[in-house]
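Summary of the model geometry
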Amino acid sequence: MISFQPPAFQQHRLLRGGHLQTLATVTPTGPIGLPTHKHTITLPDGDAVVLHETCPDHWPDDGLSLLLVHGLSGCHAAPYMIRLAKRFHNQGVRVFRIDMRGCGDAFGLAKQLTHAGRSDDLIAALDSIFELAPHGRLGVIAVSLGGNQILRAIGRIGAGLDSHPRWYDKLERIAAICPPIDLARCSDNMQRRILRPYNYYFIRQLMSRIPPGVRERADFAARDAATRPRTLRELDDQFTAPLSGFSDALEYYQQSSAAHHVESVLVPSLVLVAEDDPVVPVDCFDESKHRWSPAIKRIVSKHGGHVGFIDRNRNCWMDNVLADWFAGDGC
């Protein structure tokens, strides 16, 4: 049993409630301002992801390498990616920020869409990091959709559904922030009329960032000629699922949800969520809904929104929690 327990989150007095906490996360942070080296990782199907490495001076061969994974419509330059990379770099950690297929600097390198079930893409990224530092230790921080991907990946390995990568024993800790582990439940939640603005935002972002390699596909053009989707479920039914080999959105949700694999996660893992998250319902994390591995520590904050957690001093509480988690407190 993991005893890790951070201090309670105290939300900013002007950012009360899940919606304001969520909206506060989109404030730009500017460039990272650190020397960065890019690695393009070609995937088995010919697409690619891109890793943005920031390595401290005199980083030891057995030091910690940390993979940061963004969420839906994000990239390596998302505010939380920049903020966390700076913090851990200053603590002597070698940091790799990923651009998933079709995102950020991988935009022109994809003929397939990224989605919640692309766990193998993270495995490929960790394979490459291990090649760069075979004697080092590994960690992963994954936000929102990326959190589902990493929990699904490690759970499948733990269950014996996928083979153990060479780096598996080097993976010390994982953290998943507000992961949509039950995609069908999250999709049902997003159907609510009060959340239509979130649907509109995500659909606009995703449709404006369709990679050119995907746009060139005949199956995309045929679907793009139809009526524009109004909800994320309609988007998944019209584009995500059929373009990714699923029969429909429900099959995509069933095959890609990490909830089916959290019982088999054997690596110490932190799942950090908020009761007032408007995007991912907190009941996804109930003990009664899924069987949870004892290697997973769930922290459910009363407030924080979706990847918000802006505290009374306008700092991000989750950054401190993650720093403590990777410092090894509580295991």
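As a starting point, this report considers the structure included with it. (Residues numbered from 1 in each chain as written. Predicted model: local features only at pLDDT ≥ 70, side-chain atom pairs only at ≥ 80, totals over all residues. Heavy atoms only, no water.)

1. Quick notes on the sheet that holds strand β4 (residues 94-99)
- With mixed pairing, the eight strands of this open sheet are ordered in space as β1-β2-β4-β3-β5-β6-β7-β8. Among the strands making up the open sheet, the edge pair consists of β1 (37-42) and β8 (296-301). The sheet shows a mean angle of 20° between the axes of neighbouring strands, taken without regard to direction.
- Note that strand β5 (residues 137-143) and strand β6 (residues 171-177) share six bridges and pair parallel. Looking across to β6, one finds that Val140 is bridged to Ile174.
- Packing of helix α2 (residues 79-90) onto the sheet brings it into contact with β2 (48-54), β3 (64-69), β4 and β5, and relative to β4 it is tilted by some 165°.
- Those strands touched by helix α11 (residues 317-326) are β3, β5, β6, β7 (269-274) and β8, and its axis lies near 165° from that of β6. (Pairing = 2+ DSSP bridges. Helix = DSSP H or I, 4+ residues; strand = E, 2+ residues; numbered from the N terminus. Axes fitted to C-alpha atoms, helices over the stretch in contact; angles between N-to-C directions. Contact = heavy atoms within 4.5 Å.)

2. Some details on the pairing of β4
- Burial analysis of β4 places six of its six residues in the buried class, which makes it a mostly covered element.
- Burial along β4 is two-sided: the face carrying Arg94, Phe96 and Ile98 and the face carrying Val95, Arg97 and Asp99 are both buried.
- Relative to β4, β2 is paired through five bridges, and the arrangement is antiparallel. Looking at β4, one finds that Val50 is bridged to Asp99. (Buried < 20%, exposed > 50% of the residue type's maximum accessible area, 1.4 Å probe, protein only.)

3. Examining the packing of aromatic side chains
- In this structure the tally under the stated criterion is 10 aromatic pairs.
- Residues Phe285 and Trp292 carry aromatic rings whose centres are separated by 6.3 Å and whose planes lie at 35° to one another, so their mutual orientation is tilted. Summarising the burial analysis for this pair, Phe285 and Trp292 share the class buried.
- Where Phe309 meets Trp317, the ring centres are 5.5 Å apart and the plane angle is 45°; that geometry is what we call tilted. With respect to class, Phe309 is no different from Trp317; both count as buried.
- Put simply, the rings of Phe9, Phe309 and Trp317 pair up and form one aromatic cluster.
- The residue whose ring lies beneath Arg94 is Trp59, and the NZ or CZ to ring-centre distance is 4.9 Å. (Phe/Tyr/Trp six-rings, centres within 6.5 Å; stacked < 30°, edge-to-face > 60°. Lys NZ or Arg CZ within 6 Å of the ring centre and 35° of its normal.)

4. Digging into the pairing of β1
- Bridge analysis of β1 against β2 gives six bridges, and the strand direction is antiparallel. Residue pairing in the sheet places His37 in a bridge with Glu53 of β2.
- Where β1 folds back on β2, the antiparallel hairpin that results is connected by five residues, among which Gly46 adopts a positive phi of roughly 100°.

5. Considerations on the packing of helix α6 (residues 196-208) against helix α9 (residues 232-243)
- At a closest axis distance of 9 Å, the pairing of α6 and α9 adopts a crossing angle of 30°. Of the possible angle classes, the one that applies to α6 and α9 is roughly parallel. Note on element contacts: α9 touches α6 through Leu232, Leu235 and Phe239, opposite Asn199, Phe202, Ile203, Leu206 and Met207.
- Per-class residue counts for the contact of α6 with α9 are seven nonpolar, one polar and no charged. (Parallel < 35°, antiparallel > 145°, perpendicular 65-115°, else oblique. Nonpolar A, V, L, I, M, F, W, Y, C, P; charged D, E, K, R; others polar.)

6. Regarding the side chain of Ser301
- Inspection of the secondary structure puts Ser301 in strand β8.
- Under the relative-accessibility criterion, Ser301 is labelled buried at 7%.
- Separated by 2.5 Å, the side chain of Ser301 and the backbone oxygen of His303 make a polar contact.
- Apart from the residues lying within four places of it in its own chain, the contact partners of Ser301 are Phe9, Val273, Ala274, Glu275, Phe309 and Trp317. (Polar contact = N/O pair within 3.5 Å; in protein donor to acceptor, adjacent residues only side chain to side chain.)

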